[in-house]
Every structure is written in structure tokens, then in C-alpha cells.
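# Chain and residue survey
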Amino acid sequence: MKKTLSALLLGTMLVTSLTACGEKTEGTAATATPAATPTAEATATPAASTEKTELKDGTFEGTGKGLQGDIKVSVTVEGGKISKIDILEQKETEAIFATAKDAIPAAIIEKQSTEVDAVANATMSSNGIMEAVANALAAK
């Protein structure tokens, strides 16, 4: 009897909590919200982004934090665009770092921005490379 009563009470609580999470439409008409249309403000590049065409030509060094320590990079800018990124120093686990080392610099050069997707299973290394490149470009 106690088990049945407990099960009934638990079931009632579950149904009540799920019903409370549902959308109320009683007395109001459901309306669809149109998708937001991008505006000049919405598509503007954030100040921290490296998406700039006015980068100064030269070679710059920067450091970012990886999982095991600092990651130091050299960034070459030619014609106002990032043309080359070299990893100078790092203390990451080599097998994990290798995927980020290959993918992140190439993505940054392609997008001309440090705001690229991190490599799965190498997130801290990826973020460290992006931070190091951003710091190198900020130090120009």
C-alpha cells in the first residue's frame, strides 16, 4: 500500500512539474517571433577580434596560456594580412598539441581572425595558440 501511494504521489509530481514547464497559451494567442535581421551594429567586429585590414607588416611574438604552460608564437603579417604563424615554444602533451598546432594557425590565417573554433580534445592548446596570436598582434 505504501509503495503504491508513493508511486502515485511521485507520478503526480512528475506530471505536474512537466505541465508547469509547458507553454501557456490559454487566453493568449501564440505568435511566432521573426528571425532577427542583422544590422550594422549586430555584424560589427568586436574590438578584441583580429579581423582588421590595418595590421602593421612585420613579425611579432606573443604568448598564451596552454594546459601545461605558456605557448609562444611568431606571427608574420604581410600586406596587412596574417601570412604565417610559427609555434616557437610550448610545453603541452605532444600528441594532443599536434592537432591544435596543425589546425589553429591555418584557421586563423584563413579567417584572418583569432576567433576560430578550438580543436576537440585540444581545447586548452587551441585557446593558448589563439591567445598568443592575439597578444602578438596587440603588441605591434
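### Focus: the overall build of the protein chain
When you go through the protein chain residue by residue, the secondary structure sums to three helices and three strands. Counting helices and strands in the order they occur from the N terminus, the protein chain gives α-β-β-β-α-α. Here the protein chain holds 140 residues, and the buried ones make up 27% of them. Partitioning the contacts of the protein chain with sequence separation of at least 6, the portion at a separation of at least 24 is 48%. Roughly 9,600 Å² of accessible area belongs to the protein chain as shown, and the carbon and sulfur atoms make up 58% of that amount.

### Observations concerning the pattern of salt bridges
Evaluation of the coordinates by the stated rule reveals three salt bridges. Asp86 serves as the salt-bridge partner of Lys84, at 3.5 Å between the closest nitrogen and oxygen. Under the relative-accessibility criterion, Lys84 is labelled partly exposed at 43%.

### Section: the nonpolar core
The biggest cluster of nonpolar side chains holds 21 residues, and the ones touching the most others in it are Val75, Ile104, Ile108 and Val133. Those elements that place two or more of their residues in this core are strand E2 (70-78), strand E3 (81-89), helix H2 (94-111) and helix H3 (123-138). The residues contacting Ile104, other than those within four sequence positions of it, are Val116, Asp117, Ala118, Val119, Ser126, Ile129 and Met130.

### Describing the confidence of the model for the protein chain
In the predicted model, the protein chain carries a mean pLDDT of 77, and 61% of its residues have values of at least 70. The model gives residues 17-52 a pLDDT under 50, and that stretch makes 18 contacts with residues more than four places away or in other chains.

### So, the sheet that holds strand E1 (residues 58-65)
The strand order E1-E2-E3 describes an open sheet built from three strands, whose pairing is antiparallel. The open sheet is flanked by E1 and E3, the only strands paired with a single partner. In this sheet, adjacent strand axes meet at a mean angle of 25° when their direction is disregarded. Looking at chain direction, E1 and E2 are connected through eight bridges and run antiparallel. Each bridged residue has a counterpart across the sheet, and for Gly64 the counterpart in E2 is Ile71. Contacts from H2 reach E2 and E3, with the element oriented near 160° to E3. Strands E1, E2 and E3 of the sheet are contacted by H3, whose axis makes an angle of about 140° with E1.

Conventions and cut-offs
- Residues numbered from 1 in each chain as written.
- Predicted model: local features only at pLDDT ≥ 70, side-chain atom pairs only at ≥ 80, totals over all residues.
- Heavy atoms only, no water.
- Helix = DSSP H or I, 4+ residues; strand = E, 2+ residues; numbered from the N terminus.
- Buried < 20%, exposed > 50% of the residue type's maximum accessible area, 1.4 Å probe, protein only.
- Contact = heavy atoms within 4.5 Å.
- Areas by Shrake-Rupley, 256 points an atom, 1.4 Å probe, with all protein chains shown as cover.
- Salt bridge = Lys/Arg side-chain N within 4 Å of Asp/Glu carboxyl O.
- Core = buried A, V, L, I, M, F, W, Y, C linked by side-chain atoms within 4.5 Å.
- pLDDT = per-residue confidence, 0-100.
- Pairing = 2+ DSSP bridges.
- Axes fitted to C-alpha atoms, helices over the stretch in contact; angles between N-to-C directions.

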